[in-house]
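Structural features, examined
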Amino acid sequence: MEDGAGCRYLSRFWAIIAMVFFWMYPGLAAIAEHTAANQNTALFSASAADDTVAIRRALANGERVNDRDPEQRTALMMAARHGATAATEYLLERGADPNAVDKQGRSAMIHAARHGRSDVIELLFAAGADAQLKDSGGRVALHWAAASGDANTVILLGEAGGSVDPRDSQGATPLLLAVAEGQVVTVDLLLARAADRQARLNNGFGAMSLASWTGSAAVTRRLLEAGASPDDATRAGVTALMTAVDREHGGVVETLLAADADMNLQNANGRTALMYAVGGSPAIFDRLLDAGAELDTRSRMGLTALMLASARGDARAAERLISAGAALDIADLHGVTALMAAAQNGNAGIVALLLAAGANSTLQDSRGRSATDWAMASGHNEIAAEIEGGA
């Protein structure tokens, strides 16, 4: 069979298959026809532009009020998203489905909530829209309103009833999303409606941890005023203070310390806030040290803040710790001291600080290696010579 004939044969074959398929399932033919045609129709454009005259013309020309685009959005969703109140009202009067959802499970109500369109939400409620419909991520309209920070939308949805603490697929409540986005106004509104300030994401992060992560001192204060614990921690024992220190959010650190957060708590690995500060913000490190952070707390591996500073090359932190009286010769579970850690990592300045402060250079680790051995094994011969000269 010649190529041309073969192509014609295959074309006819698939055409016949399609005809049989759509004959058996006639509804699919209509859906396919209108979905393919509506990627950028006059109806959708007019709805987004709030042009009721153009909407009337599009409907008169054969477009249908509940037609879908390839993302399964309707003209009503486009109007809701753009805050087109006249278009929304007109479409609803013409029979637009207020509870239709797109490919992501988002209804017109959710589209309006995402963009803070409170006027549209009022119209949707009047038409019987369901504010409790969940999208594919398990979020209802209140989730999106809280995250967007629009007070009027949050108030409207809150007054409509339903739980103030619905959870999405990640365990997030509207309050947790508002906290994560730093939305102070919506945090206040949700707390006023008794939102659960103890709610946690599936990964264990609570509101305080999220506020510390994002760095909102204002949200942190609101949560504390509502009774949240300044020592709230994740399942791994990472406190809000540790998170704020690690993220270098000085304002949150100050807020938590003012609320008497315990700076000496340890996470599951035994690390303290001071250990998190090593290698980070000098101002935060100084603030913790000046506030009385314990100097020689040991992690599960036996590490101290001074050991971490020595290994990481944070000479400033090492100097401050030494000046504050940190123990020089504590060893970790493998017998490695701060001097050995500094020598291994080639941190000559810290080696000099430790030797000048009286660190014992003759100590050996669990395998019999001294600080000199560590320096030489790592190719830091000058440091090895300095250690030997100071011994």
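What you are looking at is a predicted structure, and each value in this text was computed from that prediction instead of being measured.

1. Some points on the pattern of salt bridges
- By the definition in use, this model includes 12 salt bridges.
- Residues Arg-200 and Asp-232 are paired through a salt bridge, measuring 2.4 Å at the closest nitrogen-oxygen approach. Pair noted here: Arg-200 is in the loop between α12 (184-192) and α13 (207-214) and Asp-232 is in the loop between α14 (217-225) and α15 (240-246), with a separation of 32 residues, a long-range link.
- Among the residues examined, Arg-200 registers a relative accessible area of 29% and is labelled partly exposed.
- Taking the relative accessible area as the measure of exposure, Asp-232 reaches 11% and is therefore buried.

2. Considerations on empty space enclosed by the protein
- Taken as a whole and judged by the stated rule, the model has 1 cavity of 30 Å³ or more.
- What the largest cavity holds in volume is close to 40 Å³.
- Along the walls of the largest cavity sit Ala-131, Gln-132, Val-140, Leu-142, Leu-157, Gly-161 and Ser-163, which together make up its complete lining.

3. So, helix α18 (residues 282-290)
- Within α18 the residues assigned to the buried category are Ile-284, Phe-285, Asp-286, Leu-288 and Leu-289.
- As for α18, its buried residues are in contact with α15, α16 (250-258), α17 (273-277) and α20 (315-324).
- Where α18 ends, the next residue or the one after it, Gly-292, has phi of about 100 degrees, a positive value.

4. A short note on the environment of Leu-201
- Tracing the chain through its elements places Leu-201 in the loop between α12 and α13.
- Under the relative-accessibility criterion, Leu-201 is labelled buried at 16%.
- Here the alpha-carbon distance between Leu-201 and Gly-171, two residues 30 residues apart in the chain, equals 4.4 Å.
- Look past the residues within four positions of Leu-201 in its chain and what remains in contact with it is Gln-170, Gly-171, Ala-172, Leu-176, Leu-210 and Arg-235.

5. Brief notes about the nonpolar core
- The biggest cluster of nonpolar side chains holds 116 residues, and the ones touching the most others in it are Leu-288, Leu-321 and Leu-354.
- The contact partners of Leu-321, leaving out residues within four places of it in the chain, are Leu-274, Phe-285, Leu-289, Leu-295, Ala-305, Leu-306, Ala-309 and Ala-326.

6. Side note on the side chain of Asp-365
- In this fold, Asp-365 is placed in the loop between α22 (348-357) and α23 (371-377).
- By relative accessible area, Asp-365 is classed as buried at 6%.
- For Asp-365, the side chain forms a polar contact with the main-chain nitrogen of Arg-367, separated by 2.8 Å.
- Within polar-contact distance, the side chain of Asp-365 engages the side chain of Trp-374 at 3.1 Å.
- If we skip the residues at most four places from it in the chain, Asp-365 touches His-334, Gly-335, Val-336, Met-340 and Trp-374.

7. As for the confidence of the model for the chain
- Predicted confidence across the chain gives a mean pLDDT of 90, with 89% of residues reaching 70 or more.
- Scored below 50 in pLDDT, residues 1-39 makes 22 contacts in the model with residues more than four places away or belonging to other chains.

8. A few points about the environment of Arg-312
- Relative to the helices and strands, Arg-312 resides in helix α19 (residues 305-312).
- With 29 residues separating them along the chain, Arg-312 and Ala-341 place their C-alpha atoms 8.6 Å apart.
- Here Arg-312 is in contact with Arg-271, Met-275, Val-278 and Asn-347, once residues within four sequence places are set aside.
- A polar side-chain atom of Arg-312 sits 3.3 Å from the main-chain carbonyl oxygen of Val-278.

9. Concerning helix α9 (residues 141-148)
- Along α9, 7 of the 8 residues are buried, which leaves the element largely enclosed by surrounding structure.
- All of the buried residues in α9 are Ala-141, Leu-142, His-143, Trp-144, Ala-145, Ala-146 and Ala-147.
- Among the residues trailing α9, Gly-149 stands out with phi positive, at a value near 85 degrees.

10. A closer look at the packing of α20 against α22
- Across the interface, α20 lies against α22 with an axial gap of 10 Å and an inter-helix angle of 10 degrees. Comparing their axes, α22 and α20 come out roughly parallel. Each of Ala-315, Ala-318, Glu-319 and Ile-322 in α20 lies in contact with α22, whose residues at this interface are Ile-350, Leu-353, Leu-354 and Ala-357.
- By residue class, the composition of the contact of α20 with α22 is 7 nonpolar, no polar and 1 charged.

11. A short note on the packing of helix α6 (residues 85-93) against helix α8 (residues 118-126)
- The interhelical angle for the contact between α6 and α8, taken along N-to-C directions, is 15 degrees, at an axis separation of 9 Å. Viewed along their axes, α6 and α8 adopt a mutual orientation that is roughly parallel. Every pair of crossing elements has a handedness; the one defined by α6 and α8 is right-handed. Seen from α6, the contacting residues are Thr-85, Thr-88, Glu-89 and Leu-92; seen from α8, they are Asp-119, Val-120, Leu-123 and Leu-124.
- Looking at the contact of α6 with α8 residue by residue, the classes come out as 4 nonpolar, 2 polar and 2 charged.

Definitions and cut-offs
Residues numbered from 1 in each chain as written. Predicted model: local features only at pLDDT ≥ 70, side-chain atom pairs only at ≥ 80, totals over all residues. Heavy atoms only, no water. Salt bridge = Lys/Arg side-chain N within 4 Å of Asp/Glu carboxyl O. Helix = DSSP H or I, 4+ residues; strand = E, 2+ residues; numbered from the N terminus. Buried < 20%, exposed > 50% of the residue type's maximum accessible area, 1.4 Å probe, protein only. 1 Å grid on protein atoms, 1.4 Å probe; cavity = no way out; pocket = protein on both sides within 12 Å on 5 of 7 lines; lining within 4 Å. Points joined across faces, edges and corners; volume = space filled by probe spheres on them. Contact = heavy atoms within 4.5 Å. Core = buried A, V, L, I, M, F, W, Y, C linked by side-chain atoms within 4.5 Å. Polar contact = N/O pair within 3.5 Å; in protein donor to acceptor, adjacent residues only side chain to side chain. pLDDT = per-residue confidence, 0-100. Axes fitted to C-alpha atoms, helices over the stretch in contact; angles between N-to-C directions. Parallel < 35°, antiparallel > 145°, perpendicular 65-115°, else oblique. Nonpolar A, V, L, I, M, F, W, Y, C, P; charged D, E, K, R; others polar. Left-handed = near helix turned anticlockwise from the far one by under 90°.

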